[in-house]
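Notes for the structure review
Here are the chains, one letter per residue:
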Amino acid sequence: MELNNIKDAFDRVAKKQKLSSSKSQEVIEQIGQEIDKALSRIQSQPDHKLILTELKTKLKEIAPLSQLEPTQKELNIALSKYPKLLEKYFNPDISKAYRNVDPDIHTINQIIASHFYREGLFDLGDCFVHETQELEAADKKSPFLDMYKILESMKSRDLGAALTWAVQNREKLAENGSDLELKLHRLQFMEILQKNGRDEALKYARTFLAPFATTHMAEIQKLMASLLWAGRLGSSPYSDFLSPTHFENLTEELTRQFCNLIGQSYESPLNVTVAAGVQGLPTLLKLMNVMMGRQNEWQSMKQLPVPVDLDREFQFHSIFVCPVSRDPATEENPAMLLTCGHVLCKQSIMKLSKNHSTRPFKCPYCPCEVEVGQCKQLYF
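Let me sum up the structure you'll find in this document. (Residues numbered from 1 in each chain as written. Predicted model: local features only at pLDDT ≥ 70, side-chain atom pairs only at ≥ 80, totals over all residues. Heavy atoms only, no water.)

1. Some details on the overall build of the chain
Looking only at helices and strands, the chain features 15 helices and five strands. Its C-alpha atoms give the chain a radius of gyration of 35 Å, clearly above 21 Å, the size a compact globule of 380 residues would have. Taking the principal axes of its C-alpha atoms as reference, the chain extends roughly 115 × 80 × 50 Å. In the chain, buried positions account for 30% of the 380 residues. When the accessible surface of the chain is totalled, it reaches about 25300 Å², and 54% of it is carbon and sulfur. For the chain, the separation between the mean place of its 46 positive charges and that of its 48 negative charges on side chains is 7 Å. (Helix = DSSP H or I, 4+ residues; strand = E, 2+ residues; numbered from the N terminus. Rg over C-alpha atoms; globule rule 2.2 N^0.38 Å. Buried < 20%, exposed > 50% of the residue type's maximum accessible area, 1.4 Å probe, protein only. Areas by Shrake-Rupley, 256 points an atom, 1.4 Å probe, with all protein chains shown as cover. Lys, Arg positive; Asp, Glu negative; His and termini not counted. Charge placed at Lys NZ, Arg CZ, Asp CG, Glu CD.)

What follows is the structure, encoded as structure tokens:
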């Protein structure tokens, strides 16, 4: 990976710098010791000229320049190579990789303000909204403020606010297939069992866990069995209930569900956009080097002539590419299922059938003959 090469080069520079600094310090200490000795002798002996002559001889024997030269030379070589490596992998001018378009300042400001609130940077978000006068963006502050209050309480192992929110949104969480409320009650049950003992935990289970018995009996049975190990859960078969990862995982799940219910994605759209852009930028820069003299074509291009490979985390929906034309499916050119089971885009089918809806044509991938009217549109 390119970043590994840069990291290795940086580590080499840091190592050379450390060696050079260590050697310099060593030489300075040697010189300092000789000077201190000479000063001590000057105070007790009258022949200062002889002492200074001997000091001069000692300093020549130390030869500071000769000692420092090898390590400094190695450092200079490493330093001279590092900027060249940075220039190779990091193009300082990325302007050629994007089009000259008029940005929608209002939308961009909304995205930035929403990002600040999403990340819990409320003071910064308020300042940004005030300076840009994007007062509508402030409406997104309230739900994220509530979310971070819940998360802060969870950090101190206080599940009260989280449980209240889960109960209020029980039906919506159930529609999403989430058992967040049960998981919160399970953690609260274990907290009570550890701090208040078996009786209080059993009382809590009868009140709050009983309603889940019909759908999560196995989970409830394990929790009830853990009561027998009160005071020694750490050495019990149920010690996993005490794992700190449960709090971490539950915090992440609550954040996901909270964002989902307020119509927001879990990850900040601004973070995702920038991260995806960073991954795709090298490909775009290489493309622009090839199309250097075809700026007009680049400005009017509706789709890129080369694929931009992004990690799975940036792939949010399926895209069908016609195996015949190599064009991605669109609303005007949708994917069509042939009776033989193969899939082509509509325009490819029309070309193969020569625009005759009832005229059979041979599938390009098997011996079957198909009619256009028999093909069915696919929805991804």
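There is more to say, and it comes next.
2. Examining the packing of aromatic side chains
Taken as a whole and judged by the stated rule, the model has seven aromatic pairs. Relative to Tyr 148, the ring of Phe 122 has its centre 5.8 Å away and its plane inclined at 85°; by these criteria the two rings are edge-to-face. Of this pair, Phe 122 sits in helix α5 (residues 122-132) while Tyr 148 sits in helix α6 (residues 141-155); the two residues are 26 residues apart in sequence, bridging distant segments of the chain. According to the relative accessible area criterion, Tyr 148 is partly exposed, its value standing at 22%. Plain terms: the ring middles of Trp 165 and Phe 258 are 5.2 Å apart, the flat faces sit at 20° to each other, and that makes the pair stacked. Pair noted here: Trp 165 is in helix α7 (residues 160-168) and Phe 258 is in helix α12 (residues 245-261), with a separation of 93 residues, a long-range link. Each member of the pair, Trp 165 as well as Phe 258, carries the same accessibility label: buried. What links up through ring pairs into an aromatic cluster is the set Tyr 117, Phe 122 and Tyr 148. Over the ring of Tyr 266 we find Arg 256; its NZ or CZ atom is 3.9 Å from the centre of that ring. (Phe/Tyr/Trp six-rings, centres within 6.5 Å; stacked < 30°, edge-to-face > 60°. Lys NZ or Arg CZ within 6 Å of the ring centre and 35° of its normal.)

3. Side note on helix α13 (residues 269-290)
Residues separated by three or four positions in an α-helix point in the same direction, a consequence of the helix having 3.6 residues per turn. If you check α13, its first and last C-alpha atoms are 31 Å apart, about what 22 residues at 1.5 Å a residue would give, namely 32 Å. Taking the largest bend as the criterion, α13 deviates by roughly 45°, centred on Gly 280, and proline Pro 282 comes between one and four positions later. (Expected span 1.5 Å × (residues − 1). Bend = angle between axes of the 7 residues up to and from the residue.)

4. Let's talk about the side chain of Glu 253
Positionally, Glu 253 belongs in helix α12. Residues in contact with Glu 253, not counting those within four places in the same chain, are Ser 178, Asp 179, Leu 180 and Lys 183. (Contact = heavy atoms within 4.5 Å.)

5. Quick look at a negative patch on the surface
On the surface, a cluster of negative charge is made up of Glu 119, Glu 267, Asp 311 and Glu 313. Summarising the element assignment, Glu 119 is placed in the loop between α4 (105-118) and α5. (Patch = residues over 30% accessible without salt bridge, like charges linked within 9 Å, V, L, I, M, F, W, Y side chains within 5 Å. Salt bridge = Lys/Arg side-chain N within 4 Å of Asp/Glu carboxyl O.)

6. Some words on α7
All buried positions along α7 are accounted for by Ala 162, Leu 163, Trp 165 and Ala 166. Looking down the long axis of α7, one finds its buried residues gathered within 160° of arc, a one-sided arrangement. Summarising the contacts, the buried residues of α7 are in contact with α6, α8 (170-175), α9 (180-195), α10 (198-209) and α12. (Arc of directions from axis to C-beta.)

7. Comments concerning the environment of Asp 36
Mapped onto the elements of the fold, Asp 36 is located in helix α1 (residues 2-44). According to the relative accessible area criterion, Asp 36 is exposed, its value standing at 51%.

8. Quick word on the sheet that holds strand β1 (residues 335-337)
Pairing is antiparallel across the open sheet formed by three strands, whose spatial order is β2-β1-β5. Of all strands in the sheet, those bounded by a partner on one side alone are β2 (343-345) and β5 (376-377). Of the pairings in the sheet, the one linking β1 to β5 comprises two bridges and is antiparallel in character. Note that in β5 the partner of Met 336 across the bridge is Gln 377. (Pairing = 2+ DSSP bridges.)

9. Some words on the packing of α9 against α10
Between α9 and α10, the shortest axis-to-axis distance is 8 Å and the interhelical angle comes to 165°. If you check the angle between α9 and α10, you find them roughly antiparallel. Between α9 and α10 the crossing geometry is right-handed. Every residue of α10 that contacts α9 at Leu 182, His 185, Arg 186, Gln 188, Phe 189, Ile 192 and Leu 193 is listed here: Arg 198, Glu 200, Ala 201, Leu 202, Tyr 204, Ala 205, Phe 208 and Leu 209. Each residue belonging to the contact of α9 with α10 can be placed in one class, and the counts come to ten nonpolar, two polar and three charged. (Axes fitted to C-alpha atoms, helices over the stretch in contact; angles between N-to-C directions. Parallel < 35°, antiparallel > 145°, perpendicular 65-115°, else oblique. Left-handed = near helix turned anticlockwise from the far one by under 90°. Nonpolar A, V, L, I, M, F, W, Y, C, P; charged D, E, K, R; others polar.)

Don't take any of this as a statement about function, it's just geometry.
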